[in-house]
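Now for the letters of each chain:
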Amino acid sequence: MEFRQIGYFLEIVKSGTFQKAADRLGLTQPAMSRQMALLERELGCVLLHRGSRAVRMTAKGELFLSYAERMKDLWAELKEGMKEPGRELSGTFSISAGGTVSAWILPQIIKRILTEYPGLSLSVREGDAQETKDSLLGGDADLGILTGPVNEPGLVEMEFLSDRIVPVASRGHEIFRKKRIRLSDLEDQPFVYFHPASAVRRAVEKKTRKLGKKFRPRIVMELRSVESVVKALETGLGIGFLSEYSVGKELKRLELPELFAERKFYLCHRKFVRSGLSLLVDKIRSAASVVRP
């Protein structure tokens, strides 16, 4: 068995067909089929059923997949452990994160790192918490940034940044005509919230739940993206909650500490890391010190 055959198998499963896998790896379809036939002959079992449109794994194939993924991770760990100290950070890495991090935190960090390492390529995929976890566990993302603690089997996590979520409204909002804003002043005000599955909303509701009947927001909008919430608030459609990192010049914070919520961001990756990822994590954590709300 050759390690490249394991890589071919993983690519076929990911791509769905021999031809697509061959195209992505720069091989011919017959060459790919020949390597899989040799692998199956050595193992003494059929791993893949060849259909007219797509392949599907046999029971033995599904078992082999679990071993193949572990061997791929182990190979990445081996290369990471054997690299020379001080080696230049290069290659292509993908990062998955939520809207706040993707829009207001990562751009500054990435720009700083790419200036230091021009041979490095970083891509960012925006997604909610579940999408980020799935991307990490499925191998589609090398690094994820999640609200935590994460406590996800198969992932290593480390604290990254602290964030404060605060109530805000447009600077021209009527609420700011009051000399002092009280919680009771919000009773009849419309609120713009994130969708129920968002990390911001969960953090806010965890905090405001303790207030009971003192705070029952009249929610008129539930939006998915940070940009949508920001635009709605800037237009004056209501009061909402945002990370301090995403509060721009058109918005103003309501000084109501009882509504302030805290959360922490964590850097996460699979247990067996590919070459260079540990160094990239160190650089991201170091560069984060220059990012301020």
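Here the structure is a predicted model, which is why all the values come from computation and not from measurement. (Residues numbered from 1 in each chain as written. Predicted model: local features only at pLDDT ≥ 70, side-chain atom pairs only at ≥ 80, totals over all residues. Heavy atoms only, no water.)

Asker: Help me understand the pairing of strand β5 (residues 143-148) in this model?
Answerer: Along any regular strand the residues' side chains alternate between the sheet's two faces. Relative to β5, strand β3 (residues 91-97) runs parallel, the two sharing 3 bridges. Bridge pairing links Ser 96 to Gly 144 in β5. Note: β5 against strand β11 (residues 261-270), 5 bridges, orientation antiparallel. Among the inter-strand pairings, Gly 148 is bridged to a residue of β11, identified as Lys 264. (Pairing = 2+ DSSP bridges. Helix = DSSP H or I, 4+ residues; strand = E, 2+ residues; numbered from the N terminus.)

Asker: Could you clarify how one ought to interpret the packing of aromatic side chains in this entry?
Answerer: Each aromatic ring pair is characterised by the separation of its centres together with the angle its planes make. Counted under the stated rule, the structure contains 6 aromatic pairs. The interplanar angle of 90° and the centroid separation of 6.4 Å between the aromatic rings of Phe 215 and Phe 241 together place this pair among those described as edge-to-face. Of this pair, Phe 215 sits in the loop between α7 (199-208) and β8 (218-223) while Phe 241 sits in strand β9 (residues 239-243), placing them 26 residues apart in sequence. When its relative accessible area of 3% is taken as the criterion, Phe 241 is described as buried. Aromatic ring contacts, followed pair by pair, group Phe 191, Tyr 193, Phe 215 and Phe 241 into a single cluster. (Phe/Tyr/Trp six-rings, centres within 6.5 Å; stacked < 30°, edge-to-face > 60°. Buried < 20%, exposed > 50% of the residue type's maximum accessible area, 1.4 Å probe, protein only.)

Asker: Sorry if this is basic, but what is going on with the pattern of salt bridges here?
Answerer: When the charged atoms of two side chains lie near each other, side chains of opposite charge can form a pair. Counted by the stated rule, this structure contains 14 salt bridges. Taking the shortest distance from any N to any O, the salt bridge between Glu 152 and Lys 133 comes out at 3.8 Å. Taken together, the residues span a long stretch of sequence, with Glu 152 in the loop between β5 and β6 (155-170) and Lys 133 in helix α6 (residues 129-137) at a distance of 19 residues. The network of salt bridges with shared partners includes Arg 164, Glu 244, Arg 253 and Glu 255. (Salt bridge = Lys/Arg side-chain N within 4 Å of Asp/Glu carboxyl O.)

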